[in-house]
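Coordinate inspection notes
Each chain, written out:
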Amino acid sequence: MARLSSTQQIPPRRDMPRHVAVIMDGNGRWARQRFLPRIAGHQRGSEAVRVFVEAAMQRGIAQVTLFAFSSENWRRPADEVSLLMSLFVHMLEKEVDRLHEVGVQLRVIGDRTALSASLQELIEAAEQKTRGNLRLTLTLAVNYGGRWDLLQAVNACIDSFPDRRIGRELTEGDIMAHLSLGDIPEPDLFIRTGGEQRISNFLLWQLAYTELYFTATLWPDFDGEALDRAIESYQTRERRFGRTSEQCSVPGS
Ligand code: IPE
Ligand code: IPE
Ligand code: MG
């Protein structure tokens, strides 16, 4: 069942974000600063994923969504793209058992039809293996774009009607039901490392009321302490969802 959008319903107030979405940026610059090839930055970046998931688990965060490869990243040099894909295969082969043991459910969002058959098989096997895990859901966005997500959701929505005849106005709920993250709460906190202040075609629909946090820290350096700083910033925000500040300070609102 799709959850209602934050533009339709106000989510409960929480001190700890339930869902954190991250654009893991700055791997290339991390490597360049050390006169290393860009892929060395991506390698360190994949280690930072492990650190981040552990830190999120310790802090009781239930949903983590990480942008690993965008629909625009195909524009990079072919050798960087293929090394990124091999790193992803390596991560699935090496990390899934450990993630499974600690209760992580792994999901992948994005257009996987463009990925190699072997990578698609590894993704399906990892999702099958971990589907019953409830402690933390780790969603990796691979060949993901927010515009792709909206388009596929609209098309899937139309396909869900008999003979594709809709016969009524579509609602937010119709679209949400088919979005990649339609079954989990929208992100409370968005983090982008690496200093850029843009969304880069990440979760366009789902970030409508997410608190945004940008840091110059490069992704390979982002650790538990850096996460705590992001959470501290989040905790100072007043999430008004269109209401006035006075309305928000009423207990139970
Ligand atoms: C993010 O780091 C990783 C991916 C996009 C796959 P970058 O590779 O974009 O690092 P910078 O931005 O060049 O430093
Ligand atoms: C966004 O990073 C995508 C990922 C982190 C996977 P980029 O580094 O590709 O973003 P832009 O193109 O500089 O905005
Ligand atoms: Mg970048």
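Above this text you will find the structure in question.
These numbers were taken from a predicted model, which means no experiment stands behind them.

Side note on the overall build of the protein
- Of regular secondary structure, the protein possesses 8 helices and 6 strands.
- What you see in the protein, going N to C, is helices and strands ordered as β-α-α-β-α-β-α-β-α-α-β-β-α-α.
- The C-alpha extent of the protein, read off along each of the three principal axes, is 50 × 50 × 35 Å.
- For the protein, with 253 residues in total, the buried portion stands at 48%.
- Considering only residue pairs separated by 6 or more positions, the protein has 76% of its internal contacts joining residues 24 or more positions apart.
- Accessible area for the protein stands at about 13100 Å²; split by element, carbon and sulfur atoms hold 50% of it.

Considerations on the packing of helix 3 (residues 78–101) against helix 4 (residues 117–130)
- At their nearest, the axes of helix 3 and helix 4 sit 10 Å apart, and the two run at 15° to each other. As the angle between them shows, helix 3 and helix 4 are arranged roughly parallel. Of the two elements, helix 3 crosses helix 4, and the hand of that crossing is left-handed. Counted together, Met85, Phe88, Val89, Leu92, Glu93, Val96, Asp97 and His100 of helix 3 and Leu119, Leu122, Ile123, Ala126, Lys129 and Thr130 of helix 4 form the full contact between these two elements.

Quick word on the site of ligand 1
- All residues adjacent to ligand 1 are Met24, Asp25, Gly26, Asn27, Gly28, Arg29, Arg38, His42, Ala68, Asn73, Arg76 and Leu84.
- Note that an oxygen atom of ligand 1 is positioned 3.1 Å from one of the backbone N or O atoms of asparagine 27.
- Between arginine 38 and ligand 1, the recorded distance is 2.8 Å, taken from a side-chain N or O atom to an oxygen atom.
- Here ligand 1, which alone exposes 380 Å², has 86% of that area covered by the protein.
- By residue number, the principal contributor to the shell around ligand 1 is helix 1 (residues 27–33), which donates 3 residues.
- Classifying every residue of the shell around ligand 1 by side-chain character gives 3 nonpolar, 5 polar and 4 charged.

Brief notes about the sheet that holds strand 1 (residues 19–23)
- As summarised here, the arrangement of the 6 strands in space is 3-4-2-1-5-6, forming an open sheet in which the pairing is parallel. Only two strands of the sheet have a single neighbouring strand rather than two, namely strand 3 (104–109) and strand 6 (211–214). Strand-to-strand twist across the sheet, computed as the mean angle between neighbouring axes with direction ignored, equals 20°.
- Relative to strand 4 (residues 136–144), strand 3 runs parallel, the two being bridged by 6 bridges. When the sheet's bridge partners are listed, leucine 106 is paired in strand 4 with leucine 138.
- The strands touched by helix 3 are strand 2 (63–70), strand 3 and strand 4; relative to strand 3, the strand with the most contacts, the crossing angle is about 155°.
- The strands touched by helix 7 (residues 224–235) within the sheet are strand 5 (189–192) and strand 6, with strand 5 carrying the most contacts at an inclination of about 135°.

As for the nonpolar core
- Judged by nonpolar contacts, the single largest core of 43 residues is most densely connected at Phe52, Leu66, Leu138, Leu140 and Ile191.
- Here this core takes 8 residues from helix 3, the largest share from any one element.
- Excluding residues within four positions of it along the chain, leucine 140 makes contact with Leu66, Phe88, Met91, Leu106, Arg107, Val108 and Ile109.
- With 12 residues, the next largest nonpolar core counts Ala141, Tyr144, Leu181 and Ile184 among its residues.

Quick look at unusual backbone geometry
- A positive phi is found at phenylalanine 35, a non-glycine position, where the angle reads about 55°.
- Tracing the backbone shows phenylalanine 35 in the loop between helix 1 and helix 2 (38–58).
- The class for phenylalanine 35 is exposed, based on a relative accessible area of 79%.
- Not every positive phi belongs to a glycine, and aspartate 163 is a case in point at roughly 55°.

Description of the side chain of asparagine 27
- Assignment of secondary structure puts asparagine 27 in helix 1.
- Those residues in contact with asparagine 27, other than ones at most four positions away along the chain, are Gly41, His42, Gly45, Trp219 and Pro220.

Parameters at a glance
- Throughout this document, residue positions are counted from 1 along each chain, in the order its sequence is written.
- In the order they appear in the text, chains get letters beginning with A and ligands get numbers beginning with 1.
- Note on the predicted model: pLDDT of at least 70 is required for a residue's local features to be given, and 80 or more for side-chain atom pairs to be given and counted; whole-chain, interface and lining totals, by contrast, use all residues.
- Side-chain measures were taken over the full set of non-hydrogen atoms in the model, leaving aside hydrogen atoms and water.
- Secondary structure counts use DSSP, requiring at least four H or I residues in a row for a helix and at least two E residues in a row for a strand, with both numbered from the N terminus.
- Each residue is placed in one exposure class: buried if its accessible area under a 1.4 Å probe, protein chains only, is under 20% of its type's maximum, exposed if it is over 50%, and partly exposed if it falls in between.
- The contact definition used throughout considers only heavy atoms, calling two residues in contact when any of these lie within 4.5 Å.
- Method for areas: the Shrake-Rupley scheme with a 1.4 Å probe, in which residue coverage is limited to the protein chains shown.
- The axes are straight lines fitted to the C-alpha atoms, using for helices just the contacting stretch, and the angles between their N-to-C directions are given from 0 to 180°.
- Working rule for angles: under 35 degrees goes down as roughly parallel, over 145 as roughly antiparallel, 65 to 115 as roughly perpendicular, anything else as oblique.
- Crossings are classed by handedness, with left-handed meaning an anticlockwise turn of the near helix from the far one by less than a right angle and right-handed meaning a clockwise turn.
- When we say a residue is near a molecule or strand, we mean one of its heavy atoms is within 4 Å of it.
- The term polar contact refers here to a pair of N or O atoms within 3.5 Å; inside protein, the definition further demands a hydrogen-donor-capable atom paired with an acceptor-capable atom, and it admits residues adjacent in sequence only when both atoms are side-chain atoms.
- Basically, the charged four are Asp, Glu, Lys and Arg, the nonpolar ten are Ala, Val, Leu, Ile, Met, Phe, Trp, Tyr, Cys and Pro, and anything else, Gly included, counts as polar.
- Strands are treated as partners if at least two bridges between them are detected by DSSP.
- Only buried residues count toward a nonpolar core. Its members are Ala, Val, Leu, Ile, Met, Phe, Trp, Tyr and Cys residues joined through side-chain atoms within 4.5 Å.

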